[in-house]
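Next come the chains, spelled out residue by residue.
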Amino acid sequence: MIRLLCVLLLCLSVLPGRGEAHALDPGYLELTALREGQWRVSWRMPDVSGKPMAISPVLPEGCTASEPPPPSFDGRGWVSGWISTCPQGLAGGTIAIDGLERTRTETLVRYELAPGKMQTQRLTNGAPAFTVPADLDSLGVFTSYVGLGVTHILEGVDHLLFVFALLLLIRGRGRLLWAITAFTAAHSVTLAAATLGWLTLPPPPVEAVIALSIVFLGYELTLPPEARDQLAQRFPWVISFTFGLIHGLGFAGALREIGLPQDDIPLALLSFNIGVEAGQILFICGVLILGLLVHRLFPLLERGQARLVRVAGYGIGSLAAFWVIERVAAF
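Given the structure is predicted, the values throughout are model-derived calculations rather than measurements.

Q: It is not clear to me how the packing of aromatic side chains should be interpreted in this structure. Could you clarify?
A: For any pair of aromatic rings, geometry is given as the distance between the ring centres together with the angle between the planes. Evaluation of the coordinates by the stated rule reveals six aromatic pairs. Between Tyr 111 and Phe 130, the ring centres sit 5.7 Å apart and the planes meet at 40°, which makes this aromatic pair tilted. Pair noted here: Tyr 111 is in strand E9 (residues 106–112) and Phe 130 is in strand E11 (residues 129–131), with a separation of 19 residues, a long-range link. Comparing Tyr 111 with Phe 130 shows no difference in burial state: the two are buried. The interplanar angle of 70° and the centroid separation of 4.9 Å between the aromatic rings of Phe 164 and Phe 283 together place this pair among those described as edge-to-face. Placement of Phe 164 in helix H3 (residues 157–169) and of Phe 283 in helix H8 (residues 265–297) is noted, with a sequence separation of 119 residues between them. For the pair Phe 164 and Phe 283, one class covers both residues: buried. Members of the aromatic cluster, each reached through a chain of ring pairs, are Phe 162, Phe 183, Phe 216 and Phe 243.

Q: Can you help me understand the side chain of Thr 103 in this one?
A: Along the chain, Thr 103 turns up in the loop between strand E8 (94–98) and E9. A distance of 2.8 Å separates a polar atom in the side chain of Thr 103 from the backbone oxygen of Leu 100. When near neighbours in sequence (up to four residues on either side) are disregarded, Thr 103 contacts Met 53, Ile 55 and Asn 125.

Q: Help me understand the sheet that holds E8, please; the structure alone is not making it clear to me.
A: Within a sheet, adjacent strands bond to each other through the backbone by hydrogen bonds, running parallel or antiparallel. Ordered by their spatial adjacency, three strands build an open sheet running E4-E8-E11, and the pairing between neighbours is antiparallel. Across the chains shown, the open sheet's two edge strands, defined by having one partner strand only, are strand E4 (56–58) and E11. On average, each strand axis in the sheet is inclined to that of its neighbour by 15°, with strand direction left out of account. As judged from the three bridges shared by E8 and E11, these two strands associate in the antiparallel manner. Bridged to Ile 95 within E11 is Phe 130.

Q: Before we go on, may I ask you to explain the pairing of E9 in this structure?
A: When a strand is regular, its side chains alternate between the sheet's two faces. The element E9 is largely enclosed, with a buried count of seven among its seven residues. Neither face of E9 is open: one carries Glu 106, Leu 108, Arg 110 and Glu 112, the other Thr 107, Val 109 and Tyr 111, and all of them are buried. Bridge count for strand E1 (residues 27–33) against E9 is five bridges, and the pairing is parallel. Its bridge partner being in E9, Gly 27 is matched across the sheet by Thr 107. Summarising the sheet, E9 and strand E10 (residues 118–124) pair through seven bridges and their orientation is antiparallel.

About the cut-offs
Every chain begins its residue count from 1, and numbering advances along the sequence as written. With pLDDT at 70 or above as the cut-off, local features in this predicted model cover only qualifying residues; side-chain atom pairs require 80 or more to be listed or tallied, and sums for whole chains, interfaces and linings still use all residues. Side-chain figures throughout are based on the complete set of non-hydrogen atoms in the structure, without hydrogens or water. Stacked, tilted and edge-to-face are the three classes assigned to paired rings of Phe, Tyr and Trp, where Trp is represented by its six-membered ring and a pair needs centres within 6.5 Å; plane angles under 30 degrees give stacked, over 60 edge-to-face, the rest tilted. Helix numbering and strand numbering both begin at the N terminus, where a helix is a DSSP run of H or I of at least 4 residues and a strand a DSSP run of E of at least 2. Type-normalised accessible area, obtained with a 1.4 Å probe on protein chains alone, sets the label of each residue: buried when under 20%, exposed when over 50%, and partly exposed for intermediate values. Polar contact criterion, stated in full: a pair of N or O atoms within 3.5 Å, where within protein one must be able to donate a hydrogen and the other to accept it, and residues adjacent in sequence count only if both atoms are side-chain atoms. The criterion used for residue contact is that any of the two residues' heavy atoms lie within 4.5 Å. Strand pairing is assigned whenever DSSP identifies at least 2 bridges connecting the two strands. In this analysis, axes come from line fits to C-alpha atoms, helices being fitted only over the stretch in contact, and the angle between any two N-to-C directions falls in the range 0 to 180 degrees.

Set out below in structure tokens:
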């Protein structure tokens, strides 16, 4: 039953036209404190058909800015930068992204109230503005980074596809539970180590190996159960733990781009990881619920289960192999 559902979900995952592991890149706004009343503004807009997305930042009332240069394309998005003067500071003011409500993307805002005091806020089409707090308390850090973690995992098609494949491959709820737990433990370790600077690897090789882990599972799915790798069959938690270490480095890359508040690094790191796990649990629950519906509505599909799983394996492996080629080309 679950296997049939995963085939349907796989079809949904490959429908978007972009052959990328993650969804449309978000906008990015960074306000770096310089001297009293001045901030360096760094602004990135997603690319839409060769042009910058029609969104723009709006700083608190009273802020003035130098004339920004025309945006330039850096290979992923359109970037620009300028100096803004805010005599009253940022605290208590409203930062908004004009036009974000008309898009399907989001914008990550990083700002400093004072040099070295970086905070992060995520804006969406449903909430395109926020009031800058005088200081972000622990609850604010927790909720903000949990939300960032949930968003990252649910938009990371590569990570979700790996979990797809585990659900297809592993038989038995107990074995599946141990495999998912091992995957969680492993990526938690490398997420922390890489984010804190204890382990550093360039992103393209990491992303290539993440894609290769999906290729491996896809290949296993194309084989009959008796011909599959014995280690993967008898001890699936070993495979999920090993590949989880690599996936954790991918999560860490995203967290490094977001940044961590210097006064609350442990809390922000824990919160982001909780968000990743919450997103993963939401995804798995969605799989189980949809699988139950498919089983009730289309019971005859169970007869072709083995063939559908094999087709899913080819689809998973082919998509992941394309990602491998992309990442290798970026070396």
